[in-house]
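# Fold and geometry: a report
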Amino acid sequence: MRLNRLDLNLLVALDALLTERSITLAAERICLSQPATSGALARLREFFNDDLLVRVGAKMQPTPLGESLAEPVHNILLQIQATVERGIEFDPFTCNRKFKFLAGDYSSTVLLTAVAKHINTLAPGIQFEFFIPTNKPGEMLDRAEVDFMIMPTSVKVDHHPSVELFSEKFVSIACAQNDAVHGNMTMDEFLNLGHVTVKFGTSRVTSQDQVLMKDQWRVEPNVEIITSTFNAIPQFLPGTGRIATVYQHLAGHWQKLIPIKIVPLPKPLPEIAWALQWHKYRDHDPALVWLREQIITTARQTFG
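Not measured: the values here are computed from a predicted model.

Let's shift gears to the sheet that holds strand β5 (residues 98-103). In spatial order, the strands read β6-β5-β7-β15-β8; together these 5 strands make up an open sheet with mixed pairing. At either margin of the open sheet sits one strand with a lone partner, and together these are β6 (127-131) and β8 (162-168). Strand-to-strand twist of the sheet, defined as the mean angle between neighbouring strand axes without regard to direction, takes the value 20°. Two elements, β8 and strand β15 (residues 272-277), share 6 bridges in a ladder whose sense is antiparallel. Looking at the pairing, S167 lines up with A273 of β15.

Another aspect to go through is the packing of helix α1 (residues 9-20) against helix α2 (residues 23-30). Remark: α1 packs on α2, axes separated minimally by 8 Å, with the N-to-C direction vectors making an angle of 130°. Here α1 is positioned oblique relative to α2, judged by the angle of their axes. Between α1 and α2 lies a crossing whose hand is right-handed. Along the contact surface, α1 presents V12, A13, A16, L17, T19 and E20, while α2 presents I23, L25, A26, R29 and I30.

Take the packing of aromatic side chains next. As enumerated under the stated definition, the model contains 17 aromatic pairs in all. Seen in terms of ring centroids, F90 and W290 are 5.5 Å apart; in terms of plane orientation they differ by 55°. Their pairing is tilted. A residue pair is termed long-range when its members are at least 10 positions apart, and F90 in the loop between α4 (64-86) and β5 and W290 in helix α10 (residues 286-303) qualify at 200 residues. Given a relative accessible area of 24%, F90 falls into the partly exposed group. A centroid spacing of 5.8 Å and a plane angle of 80° characterise the contact between F190 and W217, whose relative ring orientation is edge-to-face. One end of the pair, F190, is in helix α7 (residues 187-192); the other, W217, is in helix α8 (residues 208-217), with 27 residues separating them in the sequence.

Moving on, we get to the side chain of H160. As for its placement among the helices and strands, H160 is situated in the loop between β7 (148-152) and β8. Apart from residues lying up to four places away in sequence, H160 is in contact with L141, D142, Q277, W278, H279 and K280.

Going through the model one piece at a time under the given rule, you end up with 10 salt bridges. The partner of E67 in a salt bridge is R21, and the shortest N-O contact between them spans 3.6 Å. Of the two residues, E67 sits in helix α4 while R21 sits in the loop between α1 and α2, which places them 46 residues apart along the sequence. Residues R143 and E139 are paired through a salt bridge, measuring 4.0 Å at the closest nitrogen-oxygen approach. Here R143 falls in the partly exposed class, since its relative accessible area comes to 33%. One network of salt bridges, with partners in common, ties together E139, R143 and E145.

Moving on, we come to the pairing of strand β3 (residues 53-56). Two strands pair when backbone bridges link them, and β3 and strand β4 (residues 59-62) are joined in this way by 4 bridges, in the antiparallel orientation. If you follow V56 over to β4, its bridge partner there is K59. Taking the residues between adjacent antiparallel strands as the criterion, β3 and β4 are bridged by 2 residues, where G57 takes a positive phi near 65°.

Reading guide: rules and limits
- Residues numbered from 1 in each chain as written.
- Predicted model: local features only at pLDDT ≥ 70, side-chain atom pairs only at ≥ 80, totals over all residues.
- Heavy atoms only, no water.
- Pairing = 2+ DSSP bridges.
- Helix = DSSP H or I, 4+ residues; strand = E, 2+ residues; numbered from the N terminus.
- Axes fitted to C-alpha atoms, helices over the stretch in contact; angles between N-to-C directions.
- Parallel < 35°, antiparallel > 145°, perpendicular 65-115°, else oblique.
- Left-handed = near helix turned anticlockwise from the far one by under 90°.
- Contact = heavy atoms within 4.5 Å.
- Phe/Tyr/Trp six-rings, centres within 6.5 Å; stacked < 30°, edge-to-face > 60°.
- Buried < 20%, exposed > 50% of the residue type's maximum accessible area, 1.4 Å probe, protein only.
- Salt bridge = Lys/Arg side-chain N within 4 Å of Asp/Glu carboxyl O.

Put into structure tokens, the structure is as follows:
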């Protein structure tokens, strides 16, 4: 199909080229050969009378016009895809679609494992793929590179729909034999212990418990160990005097696997609300509507 002399099939190639900024990767993305993708770029350059992408050192970078086309072209294709998918009948039992999630190891451990188990009986052909959040998690959702994002409500993207899934509170954990950690710990005892905490991403974003301690309690714990994932935390506790502040359901999961004890904090921190979010153009995708209903149901069963 052509519009104003432009073969609209070339928009798919343009989107891939501006996203990947590589002829090789764009060709893989749209299942074309490299010569065919190079040919598509040549035709696009001729139509727009602009290079669109130019080589800078070892990489390709968009020209100002190419940069200005990236978002509207991508959104047009998303809207077309969403429109087509609305008319497709969805049968969970015969579906063999892959769904992509942006979710950290906390939500993967406490929620998505239960979701996957639940879905396995209803839709055995469905695949899940999980991506670790980046420093700017909303960008992957904006580009529809993931179907769902599960993050604290403070991180959600305002221009996409969402639903709150659950709220989680914090507890303290320590080695099961650590007598210095008990149910009526004072703040001084808590602060004098060595702490294990987590920071995320290349920008090393501080975990929310540490932020809340500073904001709510006006204190900073004695941090001895900093990990890059939640699930690394409990491995640094057995046989030591260290302590960690973590989400309650995650602590309960670990206690089944590692010799740790769970006790209340010396005084409570505010609970953290978590949300499920999806792209606005896929709000009526039958498969995504069905799957998010299953996720919401599982979250309510898991967190009460």
